[in-house]
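# Observations on the three-dimensional arrangement
Chain by chain, the residues:
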Amino acid sequence: MSQTFGKTRWRRFAVVMVPSIAATAAIGVSLANSALAASFSVSGQSFKVTAADLNGQGFSQFGSVDQGTPDKNGNKVHPIAVSAFDTATITGLCQSVVTDLGPLGNWTLVLKAGNEAGKPVEAANLLIDLDQLNADATFTDINIGQDASTLDAPKGGVIEKYRALGNTTPTGTRGFAQAAKSAHLTNVEQTAWATSAGTFKLSGLKLNINRGSGAGVECY
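Just so it is clear, the structure is predicted and the values come from calculations on it, not from any experiment.

Another point: the pattern of salt bridges. Counted under the stated rule, the structure contains two salt bridges. For the salt bridge of Glu218 with Lys48, the shortest nitrogen-to-oxygen distance reads 3.4 Å. Of this pair, Glu218 sits in the segment after strand E9 (206–211) while Lys48 sits in strand E1 (residues 47–67), and the two are 170 residues apart along the sequence. Take Glu218: its relative accessible area is 16%, and that puts it in the buried class. Here Glu116 makes a salt bridge to Lys119, at a shortest N to O gap of 3.6 Å.

Structure below.
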């Protein structure tokens, strides 16, 4: 019985964890020529992301709401800040998500990429739905306090694609936003609910499943 039970639990673990990386994680999803759709439903589980260096072009940030499966507290609605980049390169990327497997305890899936010299992670039309961020940041040509509905949407850029999919934010609201020609972030630590990218190239991808959670197991 114990062997059969173990196989069942690990199969469930693979079903839960791998899609969380492939579909909703910070380096998560390739939605060819697309961005996060209005119908996107989050898993109800946030995840941690760190990066040594993120260099993005065509940056904007605005408030929104993610909805989906209830989290551990029963909340289905998650107020978030959307960070959007037309293009971005990332070095030293780490993403971790913890799953409670009951009798087997907590297990953490850790994904790392972009650690080889000259081979960063590359993303286009990148959207990150986050609720916490720590970093050292430098912005070029930044506007803070811009009306979210007036954010520039150059052809082929992330905001144009975001609006084309029917998202009401930032088009249909007049909330607070900021935008910059470029954004350079170092020593990044964040928690997020979802990420989407038109393309995401993961150089030197490494994935591990580790027993436990917390410091020394997760990304931070």
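What follows deals with unusual backbone geometry. Phi at Asn125 takes a positive value of approximately 50 degrees, unusual for a residue other than glycine. Along the chain, the position of Asn125 falls in strand E5 (residues 121–140). In this structure Asn125 comes out as buried when scored by relative accessible area, which is 7%. Of note in the backbone geometry, Asn187 takes a positive phi value of approximately 55 degrees without being a glycine. On the secondary structure map, Asn187 appears in strand E7 (residues 176–196). Judged by its relative accessible area of 53%, Asn187 is exposed.

Next up on the list: the pairing of E7. Looking down a regular strand, the side chains alternate between one sheet face and the other. Along E7, 15 of the 21 residues are buried, which leaves the element largely enclosed by surrounding structure. In this structure, E1 lies alongside E7, joined through 14 bridges in antiparallel fashion. Note on E7: the bridge partner recorded for Phe62 is Ala177. Strand direction decides the pairing type here: E5 and E7, joined by 12 bridges, are antiparallel. By the bridge assignment, Ile128 is partnered in E7 with Thr195. In this structure, strand E6 (residues 143–147) lies alongside E7, joined through four bridges in antiparallel fashion. Within E7, the residue paired with Gln146 across the bridge is Ala177.

Scoring rules and cut-offs
- Residues numbered from 1 in each chain as written.
- Predicted model: local features only at pLDDT ≥ 70, side-chain atom pairs only at ≥ 80, totals over all residues.
- Heavy atoms only, no water.
- Salt bridge = Lys/Arg side-chain N within 4 Å of Asp/Glu carboxyl O.
- Helix = DSSP H or I, 4+ residues; strand = E, 2+ residues; numbered from the N terminus.
- Buried < 20%, exposed > 50% of the residue type's maximum accessible area, 1.4 Å probe, protein only.
- Pairing = 2+ DSSP bridges.

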